Amino acid sequence: LDELVGWLQPAAVLAPAGDVALTAAAEAAVRAAGGATAAFPAPGGAVPSSAQGMDIPVLLLPPASELPLLEWLPTLPHAVLARWHVPTVTIAVVTHRRPASLRRLLASISGAAYLGDAPALALSVEAGADNETLALARSWPWGNGERSVAVRAAAGGLIAAVVESWTPASDHSYGVLLEDDIEVSPYFYAYLKLTLLRYAYSGSQPAQPDMRDAAVNGVHPPIATETPPSPAGSLLAISLYTPRLVELTMPRRRIDVYEELGTVGAQVAPSVGDGSTRPHVYLQPLPCSWGALFFPRPWVEFRTFMERRLHGSPAVHIPHSASNSWSTSWKKYMIELAHVRGLAVLYPSFHNQSSFSTNHLEKGEHVGGKANRLRHLPMDFTVPLLNSLGQVRQLWAPDPRAPSEVRPLPPLTGLPVLDLFSRRSSLPQLQAGGFEALGSHRAFVAQHEAAAAGAAGDPGGGAA
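Reading the values: the criteria
Residues numbered from 1 in each chain as written. Predicted model: local features only at pLDDT ≥ 70, side-chain atom pairs only at ≥ 80, totals over all residues. Heavy atoms only, no water. Salt bridge = Lys/Arg side-chain N within 4 Å of Asp/Glu carboxyl O. Helix = DSSP H or I, 4+ residues; strand = E, 2+ residues; numbered from the N terminus. Buried < 20%, exposed > 50% of the residue type's maximum accessible area, 1.4 Å probe, protein only. Axes fitted to C-alpha atoms, helices over the stretch in contact; angles between N-to-C directions. Parallel < 35°, antiparallel > 145°, perpendicular 65-115°, else oblique. Left-handed = near helix turned anticlockwise from the far one by under 90°. Contact = heavy atoms within 4.5 Å. Nonpolar A, V, L, I, M, F, W, Y, C, P; charged D, E, K, R; others polar. Polar contact = N/O pair within 3.5 Å; in protein donor to acceptor, adjacent residues only side chain to side chain. Pairing = 2+ DSSP bridges. Expected span 1.5 Å × (residues − 1). Phe/Tyr/Trp six-rings, centres within 6.5 Å; stacked < 30°, edge-to-face > 60°. Lys NZ or Arg CZ within 6 Å of the ring centre and 35° of its normal.

**Quick look at the pattern of salt bridges**
- Taken as a whole and assessed by the stated rule, the structure comprises 16 salt bridges.
- A salt bridge links Arg-98 to Asp-181; the shortest N-O distance between them is 3.9 Å. Of this pair, Arg-98 sits in the loop between β3 (88-95) and α4 (99-110) while Asp-181 sits in the loop between β6 (173-179) and β7 (182-184); the two residues are 83 residues apart in sequence, bridging distant segments of the chain.
- Overall, Arg-98 belongs to the buried group, its relative accessible area being 18%.
- For Asp-181, a relative accessible area of 5% puts it in the buried group.
- The closest approach of N and O atoms between Lys-193 and Asp-117, which form a salt bridge, is 2.8 Å.

Following this line, the structure appears as C-alpha cells:
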C-alpha cells in the first residue's frame, strides 16, 4: 500500500474506507490541493477545464479488503486517474418469472467488489411476473448507489424488456445489462473499471457520431475526418463473457479463443514483452447478451436503429450469417448495426473460457422457446466464473515468469481482432467492411423507398 500510494501522488489519494480518521485526513488533503473527492467532479461530469492537464489529486475510497484489486493503478496515466469519478455505471437487471435465478444473480452482484464506487441498480420486471419475483425485486437491499424497480404494465417480450431496461443519461453513462439467468464474478466490476478507464478514457475521447447527424435507417456512417478517429470510437461494449460457440455459422461450431489466439508477439503488442504471454482481451464485432457493459452513444443509436427495423425498415443483410434468420433476439439488430458501423466489443480471454459472467441457460423466451428450434447444451454456454484473484491478476501481471511485474493492458490497436465468424481480422478491416456494407444497405433502402412510393402513387398498379 505504501508503494502504491507513493506512486499515486500527486495523482490520487488512496484511503481505505472504514478508517474514519484516515478518510477525513485524506479528504482534507485532497481539498487543500484543489483536487477531486468522490463528489467532485460529480459522477458522470467532466473534469473542470482548470484541472485538465494538471496534477490534481482525486480521492479513492475502496474498502481495505479490495486494495489488492487496485494493483493496476500505476499502469494508468495520471490524467486518466483524474477521470476516475467521471463515468457512471447502472447495473440493469431484466427478470420475469424466475425468482430462484433472480436471487442467484442479485447475490452475485451484491457480493462483487466495487472499489469504493456506487453503481446504480435498476431492476426491470416483465408484466405477469409471479409474486415471489416481484417481492424479491422490490425488497433486495442495495448498499451502493441508487436503486430502482420498474414493473411493466403490459407484456412487451424480451426484446422490449432489454432495450427499455437502461437509458444513458449522458455521454459518460454506461449500462451493464444482465438477464436473470446470468451470474457474475466478484471481480466483474473491477475488470470493467480497468478496461473502461484504459480504453475509453486514455488519450482522446471516443470519436463517435453526434446523434443529431443524418442517418439512413438509423445507421450513422463512420465519421469522415482529416485525421483518423480514435480507435476507442470503435467500441460498442465491454463483454463479461467469453463465448464457446460460433453462433453465426450453420452448423454452429465450438471454439477455444484462448488457445486459438495463442501468444502475442512483441511486434503486435510491445507492452506485453517478448511474446511469451497470452492476450487476455480481444476485439470482435459480436454483441454479447450474457453480460456486458454498453457504451452510451452506440446504445442510443442502436435503439433508434432497432425501432426503425421493427417498424418495417429493410434488414441489413450479412452474407452467410445465421442471424439473418433470427426472429426473437434483440442481438440480431445490434449485430446488423455493429456490422455496418465497424463497431467492436472488447472480450476477456482466459483458460477454459473462464469469464466474469456465466449463463445458466435456463428456459425462457429464447432458450427453449417455441420460436427457437436450436439445441442448447450447457457445456456450450455455461462457462466457469473467474472467482480467483490469481486468475484475474493475469490482466495486469500477464507474465508467469515475473508475477510481481505489473504491466498496462495493450492499446486497442495492439489487440487481437476476430470477425463475426471468429476468423482473424483487424480494426481497419472491420471499418472497411462497414463502409462497404453501409453503401450496399443505402442502395437497398433507396430501392425499397422508391418501390414503396411507387405503390402508394399507383394503388391499383398490377391489378390489370
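Text resumes after the structure shown.
**A word on unusual backbone geometry**
- The omega torsion of the bond from Met-250 to Pro-251 falls at 0°, within 30 degrees of zero and hence cis.
- Take Pro-251: it is sitting in the loop between β9 (245-246) and β10 (253-254).
- You will see that Leu-361, though not glycine, has its phi angle at about 55°, which is positive.
- Structurally, Leu-361 is set in the loop between β14 (357-359) and α11 (378-381).
- Assessed through its relative accessible area of 12%, Leu-361 is described here as buried.
- Positive phi is not limited to glycine here, since Ser-422 has a value of about 65°.
- Summarising the element assignment, Ser-422 is placed in the loop between β15 (417-418) and β16 (424-425).

**Notes on the packing of α4 against helix α5 (residues 131-139)**
- Their axes nearest at 9 Å, the elements α4 and α5 cross at an angle of 20°. Classed by the angle they form, the pair α4 and α5 counts as roughly parallel. Considering how the two elements wind past one another, α4 and α5 form a crossing that is left-handed. When α4 is examined against α5, the residues Pro-99, Leu-102, Arg-103 and Leu-106 are found in contact with a partner set consisting of Glu-132, Thr-133, Leu-136 and Ala-137.
- Its residues placed into classes, the contact of α4 with α5 shows 5 nonpolar, 1 polar and 2 charged.

**Looking at the side chain of His-280**
- Inspection of the secondary structure assignment puts His-280 in the loop between α8 (257-261) and β11 (281-284).
- Within polar-contact distance, the side chain of His-280 engages the backbone oxygen of Ser-349 at 2.9 Å.
- Of note is the side chain of His-280, whose polar atom sits 3.4 Å from the side chain of Gln-394.
- Setting aside chain neighbours within four positions, we find His-280 in contact with Tyr-258, Tyr-347, Pro-348, Ser-349, Phe-350, Gln-394 and Leu-395.

**Quick word on the pairing of strand β8 (residues 235-239)**
- Within β8, 5 of the 5 residues are buried, which leaves the element mostly enclosed by the surrounding structure.
- With 3 bridges connecting them, β8 and strand β13 (residues 344-348) associate as parallel partners. Across the sheet, residue Ile-238 finds its bridge partner in β13, namely Leu-346.
- Relative to strand β12 (residues 292-294), β8 runs antiparallel, the two being bridged by 3 bridges. Paired with Ala-237 across the bridge in β12 is Phe-294.

**Regarding helix α9 (residues 296-310)**
- Helix length check: α9 (15 residues) gives 21 Å between terminal C-alpha atoms against 21 Å at 1.5 Å per residue, within 8%.
- Residues of α9 that are buried include every one of Pro-296, Pro-298, Trp-299, Glu-301, Phe-302, Phe-305, Met-306 and Arg-309, and no others.
- Buried residues in α9 make contact with α6 (157-163), β6, β8, β12 and α10 (331-341).
- The first or second residue beyond α9 is Gly-312, which carries a positive phi of 105°.

**Overview of the packing of aromatic side chains**
- Under the criterion given, the structure shown has 17 aromatic pairs.
- Measuring from centroid to centroid gives 6.4 Å for Tyr-174 and Tyr-201, while their planes differ by 65°, and the two rings are edge-to-face. Residue Tyr-174 is located in strand β6, and its partner Tyr-201 is located in the loop between α7 (188-200) and β8; the two are separated by 27 residues in the primary sequence. Here the two residues Tyr-174 and Tyr-201 agree in accessibility, since each one is buried.
- The structure contains a cluster of three or more aromatic residues connected by ring pairs, namely Trp-166, Phe-294, Trp-299, Phe-302 and Trp-330.
- Note that Lys-193 overlies the ring of Trp-84, its terminal NZ or CZ placed 4.5 Å from the centroid.
- The aromatic ring of Trp-290 is capped on one face by Lys-331, whose charged end is 4.6 Å from the ring centroid.

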